[in-house]
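# Commentary on secondary and tertiary structure
Read off the chains here:
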Amino acid sequence: QTMADNEEVVATKGKYQPSEFLKSVLGRPVVVKLNSGVDYRGVLACLDGYMNIAMEQTEEYSNGQLKAKYGDCFIRGNNVLYISAAKRRA
């Protein structure tokens, strides 16, 4: 059995499924990176099967610089490169 086979076995266990990760970060701070390279950081309010995202308390970052702050933010799923759990803000 190769390393890739082992990773596949681990990935099939419940807590490693992407849907489980997404459920676990609902209502928590996340970073959403878009295909354009822009990051949105805020609280994940909800998302659907197309990865359309609603966020609250959102900040827009471009090249690491804060560009704007939004109360609510809606992102169309086809623009999303990834969603990451954010480190807690101080």
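This text gives an overview of the structure that appears in the document. A quick note: this is a predicted structure, and the numbers were derived from the prediction, not measured.

## Observations concerning the pairing of strand 2 (residues 39-47)
Of the strand pairs in this sheet, strand 1 (residues 29-34) and strand 2 are connected by five bridges, and their pairing is antiparallel. Across the sheet, the residue bridging to P29 is V43, located in strand 2. Hairpin connection between strand 1 and strand 2: a loop of four residues separates the two successive antiparallel strands, and G37 in this loop has a positive phi of roughly 100°. Once strand 2 ends, the chain turns through five residues before running back antiparallel as strand 3 (residues 53-62), passing M51 with a positive phi of about 70°.

## Notes on the pattern of salt bridges
This structure, assessed with the given rule, holds four salt bridges. Residue K69 pairs with E59 through a salt bridge whose shortest N-O separation is 3.9 Å. Within this pair, whereas K69 is found in strand 4 (residues 65-75), its partner E59 is found in strand 3, the two being separated by ten residues in sequence. Among the ionic contacts, a cluster of salt bridges with common partners joins K33, D39 and R41.

## Digging into the pairing of strand 3
Most of strand 3 sits inside the fold, with seven of its ten residues counted as buried. Both strand 2 and strand 3 contribute to a ladder of seven bridges, which runs antiparallel. The residue of strand 3 that forms the bridge with C46 is A54. Two elements, strand 3 and strand 4, share nine bridges in a ladder whose sense is antiparallel. Looking at the pairing, M55 lines up with C73 of strand 4. Hairpin connection of strand 3 to strand 4: two residues between the antiparallel strands, including N63 at a positive phi of 55°.

## So, the nonpolar core
It is characteristic of soluble globular proteins that their nonpolar side chains tend to be buried jointly. In terms of nonpolar packing, the biggest core is built from 14 residues, with V32, I53, M55 and I75 touching the most fellow members. For this core, the secondary structure elements donating two or more residues are helix 2 (18-25), strand 1, strand 2, strand 3, strand 4 and strand 5 (80-85). Counting residues per element, this core draws most heavily on strand 1, which supplies three residues. Other than its neighbours up to four places away in sequence, I75 contacts V32, L34, Y40, M51, N52, I53, M55 and V80.

Parameters at a glance
- Residues numbered from 1 in each chain as written.
- Predicted model: local features only at pLDDT ≥ 70, side-chain atom pairs only at ≥ 80, totals over all residues.
- Heavy atoms only, no water.
- Pairing = 2+ DSSP bridges.
- Helix = DSSP H or I, 4+ residues; strand = E, 2+ residues; numbered from the N terminus.
- Salt bridge = Lys/Arg side-chain N within 4 Å of Asp/Glu carboxyl O.
- Buried < 20%, exposed > 50% of the residue type's maximum accessible area, 1.4 Å probe, protein only.
- Core = buried A, V, L, I, M, F, W, Y, C linked by side-chain atoms within 4.5 Å.
- Contact = heavy atoms within 4.5 Å.

Nothing here speaks to function; it is all geometry.
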